[in-house]
Amino acid sequence: QVQLAESGGGLVQAGASLRLSCAASGRTLTMGWFRQAPGQPREFVALIRWMDGTTYYAESVKGRFTVSGDNARTTVYLQMNNLTSEDTAVYYCSGTTRTTTVRPAGVGYWGQGTQVTVSS
C-alpha cells in the first residue's frame, strides 16, 4: 500500500505560477497528476516514469507545466506556469506500481487532492 500526500495548491491570478508537490510512502513505477474540475471527469495532466525518466503530458498543458521528481523517486513535483482559469480544478497526485497509464481507471493510488483556483 502506497500513501500519497500533496501540497502546494492555492488561489492565484491568471498568468501566475504554482508548484505542487506529492510525497509517496513507498516505491512506485510512476507518479503523476490528474485533475478534476466541478462537473467534469478526472483527467490526466502529467506523469513521470521513474525507471527511465520519461515524462508524459496532456496536450492542454504542454509547454506550460513541467513534471519532475527527486533522486529518491518518492516525491513528484508539478511546476505550473502561465495558469489560466481553465486550469482551475482539484489536482490529484497519482501513483502506479505495475503499469504506465494516463487512464484514471488504471491508477492504483491517489492522493487526497489539492485545490488550484485561477482567477481571471
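If you're wondering where the values come from, they're calculated on a predicted model, not measured in any experiment.

The rules we used
Residues numbered from 1 in each chain as written. Predicted model: local features only at pLDDT ≥ 70, side-chain atom pairs only at ≥ 80, totals over all residues. Heavy atoms only, no water. Helix = DSSP H or I, 4+ residues; strand = E, 2+ residues; numbered from the N terminus. Buried < 20%, exposed > 50% of the residue type's maximum accessible area, 1.4 Å probe, protein only. Contact = heavy atoms within 4.5 Å. Pairing = 2+ DSSP bridges. Axes fitted to C-alpha atoms, helices over the stretch in contact; angles between N-to-C directions. Disulfide = S-S within 2.5 Å. Core = buried A, V, L, I, M, F, W, Y, C linked by side-chain atoms within 4.5 Å.

A.B. asks: Which parts of the structure should I look at to understand the side chain of Thr-75?
C.D. replies: For Thr-75, the position within the fold is in strand E8 (residues 75-80). Residue classification places Thr-75 among the buried positions, given a relative accessible area of 14%. Beyond its immediate chain neighbours, meaning those up to four positions away, Thr-75 contacts Cys-22, Ala-23, Trp-50, Ser-68, Gly-69 and Asp-70.

A.B. asks: Explain the sheet that holds strand E3 (residues 18-24) here, please?
C.D. replies: Hydrogen bonds between backbone groups are what pair the strands of a sheet, and the pairing can be parallel or antiparallel. Taken together, the 4 strands give an open sheet; going across it, the order is E1-E3-E8-E7, and neighbouring strands pair in antiparallel fashion. Edge positions in the sheet fall to strand E1 (4-7) and strand E7 (65-69), since each has one partner strand and no second. When strand polarity is set aside, the average angle formed by the axes of neighbouring strands in this sheet is 15°. In the sheet, E7 pairs with E8 via 5 bridges, with the strands oriented antiparallel. If you follow Phe-65 over to E8, its bridge partner there is Met-80.

A.B. asks: Just to check I follow, could you spell out the state of the cysteines for this structure?
C.D. replies: In a disulfide, the sulfur atoms of two cysteines are held together by a covalent bond. Scanning all chains against the criterion turns up 1 disulfide. Across the disulfide, Cys-22 is cross-linked to Cys-93 (sulfur-sulfur distance 2.0 Å). The S-S bond linking Cys-22 to Cys-93 shows a torsion near -85°; that makes this disulfide left-handed. With a gap of 71 residues between them, Cys-22 in strand E3 and Cys-93 in strand E9 (residues 89-96) connect regions that are remote in the sequence. Just as Cys-22 is buried, Cys-93 falls in that class too.

A.B. asks: Looking at this structure, how should I read the nonpolar core?
C.D. replies: As a rule of thumb, nonpolar side chains are buried together in soluble globular proteins. Trp-33, Leu-78, Met-80 and Tyr-91 are the most contacted members of the largest nonpolar core, which totals 31 residues. Elements that contribute at least two residues to this core include exactly E3, strand E4 (30-36), strand E5 (43-49), E7, E8, E9 and strand E11 (114-119). Broken down by element, this core gets its largest block of residues, 5 residues, from E5. Excluding its chain neighbours within four sequence positions, the residues that come into contact with Leu-78 are Leu-18, Arg-19, Leu-20, Trp-33, Val-45, Ala-46, Phe-65, Thr-66, Val-67 and Tyr-91.

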